[in-house]
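Fold and geometry: a report
The chain contents come next:
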Amino acid sequence: MYEGDSFSLDTLKQEYPSYGTTDFREPAFQILQENGSRITNFEYQHHKIYKGKPKLEGLPATYVEKGEEAITLEISLYDKLIDTEIQLLYTVFSEWNALARSARVVNHGQQALNLTRIMSASIDFFDSQFEMVHLSGSWGRERYVKMRKLQPGIQSISSTRGASSSQHNPFIALKRPDATEHRGEVYGFSLVYSGNFLAQVEVDHYDVARVTMGIHLFDFNWLLGQGESFQTPEVVMVYSDQGLNGMSQTYHQLYRTRLAKGYWRDKERPVLINNWEATYFHFDEEKLIKIAKTAKELGIELFVLDDGWFGKRNDSKTSLGDWFVNNRKLPSGITGLAQKINDLGMKFGLWFEPEMVSKDSRLYEQHPDWVIKVPGRRMSQGRNQYVLDFSRKEVVDHIYGMMAQILREAPISYVKWDMNRYMTEIGSADLPPERQREVPHRYILGVYDLYERLTTEFPHVLFESCAAGGARFDPGMLYYAPQTWTSDNTDAIERLKIQYGTSFLYPLSAIGAHVTSVPNHQVKRITSLEARAHVAFFGVFGYELDVTKLSEKDKQKVKEQIVFYKKNRKWIMNGTFYRIRSPFEDDGNIVSWMVVSEDQKEALVGYYQVLGTANPGFSRILLKGLRTDYEYEIEGIDGTYFGDELMYVGLLLEDAKGKGDFYSKIYKLKAIQSDEKVGMKNR
Ligand code: DGJ
C-alpha cells in the first residue's frame, strides 16, 4: 500500500495507542460505544507529578513506605465526544530501575461504554533486536525458561484459564541477543495479577517492537456505566544492564520489600512439616501427633495439616466448601489438635481451598447457584470440583465467615490457600447478560477481597498461596501471601529447573521448597537426603514426608540440616541471588546458583550434577557477588580465598570429580570476621 507523507500514527511511537485511525497495530485499549463505534480520540489534558504511589483500588500492587521512595506521574487523557478520561499512572522507584504502570478509565459521560480491551501498559521500542524470554510449562514443570528471537508479527504468551496458570507466568523479558545472565540489556515486564492475562510483542514493518501487557481481552468485556471507573492491574517494568540476573535481583528486592507486605514480610520463616506426601487423605489425630512429635525432636517449628481434615473428605471427591472438621479423623477438632501441637512446642497451620466446592458437599446442596456455570450447559468438573462464583459478594462473605470462625477459634499460625482447577463454562447467576464477560476479572477481585479481609483480621497468620503446586505463582498472590508453594513436583533434580526459572522474578523468600521422601512421588527418582536439602535450602525450607519412618541416621542428618538452615535463613532470605549454571543451557547437566548476604560476608553456593560422567575434565565455577577485598573461608575446604580469586579464577571442584548421578554439594563461605583481616588486601 502506498503511504504518502501525510501524518500517520503508524510511524510513531505511542504511549497508549488506539486502533482505527492511522495506527494498524494492536492497540492498548478499545471502547465500544452505544452507536457501535470503536473510534476514540483521547488527547492530553493535564498531568501531575507527586511523591509516593497511590493504592490501586481492590488490586494488589507495589507500594511505598515513605513518599520519597517513589515519584508518580499521572497523565490525564480526554475524549470529548464520549466525555471519558483515561488516567495513565507511572511510578518510578528511586532505589531501583523499576517503573510501575497502570491505566484507569473514568466514564464522565451519559452513555454506557464497553471496554473490550484495556491493557495495563503498551511500550513501543525503537527496534526489535531482542529475544523474548518467558516462563512456561505445566503442572509439575512450572516456569521453565524459554527464549525466542522476535520475528515480524505477533508473539505472545497468555492465560485464558481463570488463573495466571502454570502454563505461562505473567512475565516476559526482552533481552538483547548478546545479553547473558550477567551482562547486557534486558527489559522485564511483570503483571501484578492472578487471572487471565496477555503479554505480547508485535513487531511491525519498521521493526518497532510493541509490548502490550494486561488482562486478556479474549472473553473479556467490561460495561462501564455513567460515573464508573475501571482500574487495570499494574505492570512492573525493570531495566537491567547487568543481564537477566540483574533484572531478577531488582524484582527480588522490589517484590520482597515493596510488594509482599505485613508481619511476615521481613520475618524469618518457620521450618515447616506438611503431612500431604506423608499421609495424603489417610490420617487420624494419633498419626498426625506422632509425626509432629518426631518433627519437633528434629527441630521443625510448624506443623501443617493439609487436605482432608473437613467434611467427609477421604479422597478428592467430596466436601470442599464444608469447612467444618471431620470428627471421625480428628475427635478433638481443629482447636484441640492445634492446641496439642502447640503443647508440643510447635506452631500449627491449616490447608484450605476457599474458592472451590465439591458436587458432593453440603454447600453445593444448599447453594447450587453459587458456582460458575452456564444454565442448560454441561458443567465440566476438574478434580471432581466446581469453582465457586467469587464474583458474588455473598459467596465471598460466606467463605470468609467460615474461615474466619476457624481462625478465631483455633490457635492457627499459618494457612495454605490452595486452588486446584481452572475455570470452564464461565457464567454467573448474579450478573446480567451484558456483564457475563466480566466474571473472570470479578472473580479475581473476589479472591483479592477475601485475602485482604483475612490478612487484615489475622495479621499474624502466615499465608502460603498454592494452586495445584505453582499454577498461580504470581506477583498478585505475593502481595497477600509472602510465600508460594512452588510445585507439586518435589524431586530434587526436577526442582533445579523449576526453582531456577522461578528465580527469574521471585525472591527466595517466596519459593516454598520441601524435602520429601524417595523414591520421589512424582518421578520415582531416588536422590540422597543431602541433595534434596541442598536444593530446598534455596527457598523457604520445609519437609513433607513421614519423619517417623526415617532411620536414626537420617534423623540425625535432618537435625543437622535444620540447624544449618535456622542459622543461615535470615541472610539467605534477604540475600542477593545469582544464577551461575543453567539447567536450560548446554546439556543442563551441571547446575549452580548462589546467594550472598547483604553485607557480602556470607554466601551459600549450590552445585548440582544431574548425571555422572566417566573420566570428567576439570571443573570450576566462577562465583559472583563477593567483595574482591574480603577473604573467605569455605566450610570443609582448607585455606582462605579472596573474593576476586573465587570470582575470576573460580572455585575448583576437585571433590565433585568422578561423582555419580544426582550428586550435589553446597559450599558455605564466610568472610574472616576480624577487622585486621577484612579488607587486609587493600593495605
Ligand atoms: C495441591 C497442592 O499443590 C498440594 O500441595 C496439596 O495441598 C494438594 N493440592 C491437596 O489436595
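Residues numbered from 1 in each chain as written. Predicted model: local features only at pLDDT ≥ 70, side-chain atom pairs only at ≥ 80, totals over all residues. Heavy atoms only, no water.

Some points on the pattern of salt bridges
One pass over the structure, following the stated rule, counts 42 salt bridges. Linking Arg210 and Asp124 is a salt bridge whose minimum nitrogen-to-oxygen distance equals 2.7 Å. With Arg210 in strand β13 (residues 209-215) and Asp124 in strand β6 (residues 113-125), the pair connects residues that are 86 residues apart, well separated along the chain. Each of the two residues, Arg210 as well as Asp124, counts as buried. It is possible to trace a salt-bridge network through shared partners that takes in Asp23, Arg25, Asp124, Asp204 and Arg210. (Salt bridge = Lys/Arg side-chain N within 4 Å of Asp/Glu carboxyl O. Helix = DSSP H or I, 4+ residues; strand = E, 2+ residues; numbered from the N terminus. Buried < 20%, exposed > 50% of the residue type's maximum accessible area, 1.4 Å probe, protein only.)

Concerning the domain arrangement of the protein chain
In terms of domain boundaries, the protein chain breaks down into domain 1 (9-258), domain 2 (272-573) and domain 3 (580-673). A C-alpha centroid distance of 34 Å is found between domain 2 and domain 3. Contact with domain 2, which involves 21 residues of that partner, is made by 22 residues of domain 3. Around 1,800 Å² of area is buried between domain 2 and domain 3 when both sides are counted, 81% of it from carbon and sulfur atoms. Looking at the side of domain 2 facing domain 3, the largest losses of area belong to Tyr500, Phe538 and Trp571, adding up to 39% of the total buried there. The interface formed by domain 2 and domain 3 contains zero salt bridges. The tally of links between domain 2 and domain 3 comes to two residue pairs in polar contact (both at pLDDT 80 or more). (Domains from an automatic or database assignment. Contact = heavy atoms within 4.5 Å. Buried area = accessible area lost by both parts, 1.4 Å probe. Polar contact = N/O pair within 3.5 Å; in protein donor to acceptor, adjacent residues only side chain to side chain.)

A closer look at the pairing of strand β10 (residues 168-175)
In terms of residue burial, β10 counts as a mostly covered element, since seven of its eight residues are buried. Alignment of strand β7 (residues 131-138) against β10, held across five bridges, turns out to be antiparallel. Bridging across to β10, Glu131 finds its partner in Lys175. Pairing between β10 and strand β11 (residues 186-191): five bridges, direction antiparallel. Within the sheet, the bridge partner assigned to Lys175 lies in β11 and is Val186. (Pairing = 2+ DSSP bridges.)

Comments concerning the site of the ligand
Asp306, Asp307, Lys416, Asp418 and Asp488 are the nearest of the 13 residues found near the ligand. Asp306 has a polar side-chain atom sitting 2.6 Å from an oxygen atom of the ligand. Within the side chain of Trp485, a nitrogen or oxygen atom sits 3.4 Å from an oxygen atom of the ligand. With the chains in place, 98% of the 290 Å² that the ligand exposes on its own is no longer accessible. Along the lines of polarity and charge, the residues of the shell around the ligand split into five nonpolar, two polar and six charged. (Near = heavy atom within 4 Å. Areas by Shrake-Rupley, 256 points an atom, 1.4 Å probe, with all protein chains shown as cover. Nonpolar A, V, L, I, M, F, W, Y, C, P; charged D, E, K, R; others polar.)

Let's talk about the UniProt feature "domain: Glycosyl hydrolase family 36 C-terminal" (unreviewed entry) in the protein chain
Feature annotation in UniProt places "domain: Glycosyl hydrolase family 36 C-terminal" (unreviewed entry) on residues 591-669, given in this structure's numbering. In residues 591-669, helix accounts for 9% and strand for 44%; the two terminal C-alpha atoms are 19 Å from one another. (UniProt positions renumbered as here; feature names shortened; annotations may be inferred.)

What about the nonpolar core?
Formed by 183 residues in total, the largest nonpolar core has its most connected members in Leu305 and Trp309. Not counting the four nearest positions on each side in its chain, Trp309 is found in contact with Phe283, Trp323, Phe324, Val325, Asn326, Leu330, Ile334, Leu350, Trp351, Phe352 and Ile406. In terms of nonpolar packing, the next biggest core, distinct from the first, is built from 23 residues, Ile590, Met594, Leu626 and Tyr663 among them. (Core = buried A, V, L, I, M, F, W, Y, C linked by side-chain atoms within 4.5 Å.)

Considering the environment of Arg25
Here Arg25 lies in the segment before β1 (29-32). In the structure, Arg25 is positioned 128 residues away from Gly153 in sequence and 9.6 Å away in space, judged by C-alpha atoms. Setting aside anything within four residues of it in sequence, one finds Arg25 in contact with Leu9, Asp10, Leu12, Gln14, Tyr19, Asp124, Glu202, Asp204, Val208 and Arg210. Looking at Arg25, its side chain comes within polar contact range of the side chain of Asp23, at 2.9 Å.

Overview of the pairing of β6
For a regular strand, side-chain orientation follows a simple rule: the groups alternate between the two sheet faces. Within β6, twelve of the 13 residues are buried, which leaves it mostly tucked inside the rest of the structure. Pairing between β1 and β6: four bridges, direction antiparallel. Within β6, the position partnered with Phe29 by the bridge is Ile118. The pairing of β6 with β13 spans six bridges and is antiparallel. Looking across to β13, one finds that Ile123 is bridged to Val211.

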